[in-house]
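Okay, here's what each chain looks like letter by letter:
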Amino acid sequence: QEKVQQSPESLIVPEGAMSSLNCTFSNSASQSIWWYQQHPGKGPEALISIFSNGNKKEGRLTVYLNRASLHVSLHIRDSQPSDSAVYLCAVMGGMLSGSFNKLTFGAGTRLAVCP
Amino acid sequence: EAAVTQSPRNKVAVTGGKVTLSCNQTNNHNNMYWYRQDTGHGLRLIHYSYGAGSTEKGDIPDGYKASRPSQENFSLILELATPSQTSVYFCASGDHRGGNYAEQFFGPGTRLTVL
């Protein structure tokens, strides 16, 4: 079964700073990796996904994936108070993982952006 | 006009009672999912469905049943509720794009307390 771990558990950054969140997973043959954002009392919303090694940029978000080190990171440039939320890393299992075509979520990183 | 809705939003049940959580989606997605979210565990998959009439066991199915009577509706049933099932439950719908089943759209959640 796929295992997903996120760090740090919580992160406090000043407005305008870069926020960096980390995620490690257990199977290099995993399919896509997603980052979801969850505000208090709401359901998670998908932010960005990546499949291939390297980086992907969308607006203020950049994701880096290194399958060899089983690591993916999310970086939020120019962080805003409205970015304050829990960020969930989710991994789609590959064919040999026992979690094929199912998402496995990490426990999340709680981000607080202070004005 | 939310695409995934859940009812009820809050529920208090007694130990040993039957609980039914309902989910409706207007995304016309084939796949639907039930998760529970507990502190420190992230989202864990209980049951999922590939279409009307189908249900599959997720990672933590014990004590839960699921029903998918139509494309739009997916229910989670606790026949004999226990306090350990106190949690926040999320329903999601999803579809695949180019073979990637990953993107899922979540409802607002149901907070269930079993006394």
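Quantities reported herein were computed from a predicted structural model and do not represent experimental measurements.

Draft legend 1. Broad picture of unusual backbone geometry. Here the residue pair Ser7(A) and Pro8(A) is connected by a cis peptide bond, since its omega of -10 degrees sits within 30 degrees of zero. Turning to its location among the elements, Pro8(A) is positioned in the loop between strand S1 (4-7) and strand S2 (10-14). Cis geometry is found at the peptide bond from Ser7(B) to Pro8(B), where omega equals -5 degrees. Checked against the element boundaries, Pro8(B) lands in the loop between strand S1 (4-7) and strand S2 (10-13). Even without a glycine there, the phi angle at Asp78(A) is positive, about 50 degrees. Take Asp78(A): it is sitting in the loop between strand S8 (71-76) and strand S9 (85-92).

Draft legend 2. Molecular detail of the interface of chain A and chain B. Listed as interface residues are 19 residues of chain A and, on the opposing side, 21 residues of chain B. Of the roughly 1,600 Å² buried between chain A and chain B on both sides combined, carbon and sulfur atoms contribute 54%. Its largest share of buried area at the contact with chain B, chain A owes to Trp34(A), Lys102(A) and Phe105(A), together 30% of the area lost on that side. Across the contact surface, chain A and chain B share one salt bridge. Linking chain A to chain B there are two residue pairs in polar contact (both at pLDDT 80 or more). For the side of chain A that touches chain B, the secondary-structure elements that each account for two or more residues are strand S4 (33-38), S9 and strand S10 (103-105) of chain A. Examining the composition of the side of chain A that touches chain B, we find that three residues originate from one element, S4(A), more than from any other.

Draft legend 3. Layout of the sheet that holds S8(A). Residue and element names in this part refer to chain A. The sheet built from five strands is open, its strands ordered S1-S3-S8-S7-S6 with antiparallel pairing. Pairing within the sheet leaves two strands with one partner each, and these edge strands are S1 and strand S6 (54-58). On average, adjacent strands in this sheet sit at an angle of 15 degrees to one another, irrespective of strand direction.

Draft legend 4. Representation of the sheet that holds strand S8 (residues 73-78) of chain B in the model. Residues and elements named next belong to chain B. Here four strands make up an open sheet; going across it, the order is S1-S3-S8-S7 and the pairing antiparallel. Edge positions in the sheet fall to S1 and strand S7 (65-67), since each of these pairs with one other strand and no more. Mean inter-strand twist for the sheet, computed between neighbouring axes without regard to direction, equals 20 degrees. As paired strands, S1 and strand S3 (residues 19-25) are joined by four bridges and run antiparallel to one another. Each bridged residue has a counterpart across the sheet, and for Gln 6 the counterpart in S3 is Cys 23.

Draft legend 5. View of the nonpolar core. All names here are of chain A. Membership of the largest hydrophobic core comes to 23 residues, with the highest contact counts inside it found for Ile 33, Trp 35, Val 72, Leu 74 and Tyr 87. Of all the secondary structure elements, the ones that give two or more residues to this core are S2, strand S3 (19-25), S4, strand S5 (45-50), strand S7 (61-66), S8, S9 and strand S11 (109-114). Examining the composition of this core, we find that four residues originate from one element, S9, more than from any other.

Draft legend 6. The state of the cysteines, seen in detail. Summed over all chains, the structure comprises two disulfides over all chains. Bridging Cys23(A) to Cys89(A), the disulfide has an S-S length of 2.1 Å. Between Cys23(A) and Cys89(A) the disulfide shows an S-S torsion of about -75 degrees. By sign, it is left-handed. Of the two residues, Cys23(A) is situated in strand S3 and Cys89(A) in strand S9; the sequence distance between them amounts to 66 residues. There is a disulfide in this structure between Cys23(B) and Cys91(B), and the S-S distance comes to 1.9 Å. Between Cys23(B) and Cys91(B), the disulfide has an S-S torsion of -75 degrees and is therefore left-handed. With a gap of 68 residues between them, Cys23(B) in strand S3 and Cys91(B) in strand S9 (residues 87-94) connect regions that are remote in the sequence.

How each quantity is defined
Residues numbered from 1 in each chain as written. Chains lettered and ligands numbered in written order. Predicted model: local features only at pLDDT ≥ 70, side-chain atom pairs only at ≥ 80, totals over all residues. Heavy atoms only, no water. Helix = DSSP H or I, 4+ residues; strand = E, 2+ residues; numbered from the N terminus. Contact = heavy atoms within 4.5 Å. Buried area = accessible area lost by both parts, 1.4 Å probe. Salt bridge = Lys/Arg side-chain N within 4 Å of Asp/Glu carboxyl O. Polar contact = N/O pair within 3.5 Å; in protein donor to acceptor, adjacent residues only side chain to side chain. Pairing = 2+ DSSP bridges. Axes fitted to C-alpha atoms, helices over the stretch in contact; angles between N-to-C directions. Core = buried A, V, L, I, M, F, W, Y, C linked by side-chain atoms within 4.5 Å. Buried < 20%, exposed > 50% of the residue type's maximum accessible area, 1.4 Å probe, protein only. Disulfide = S-S within 2.5 Å.

These figures capture arrangement, not role.
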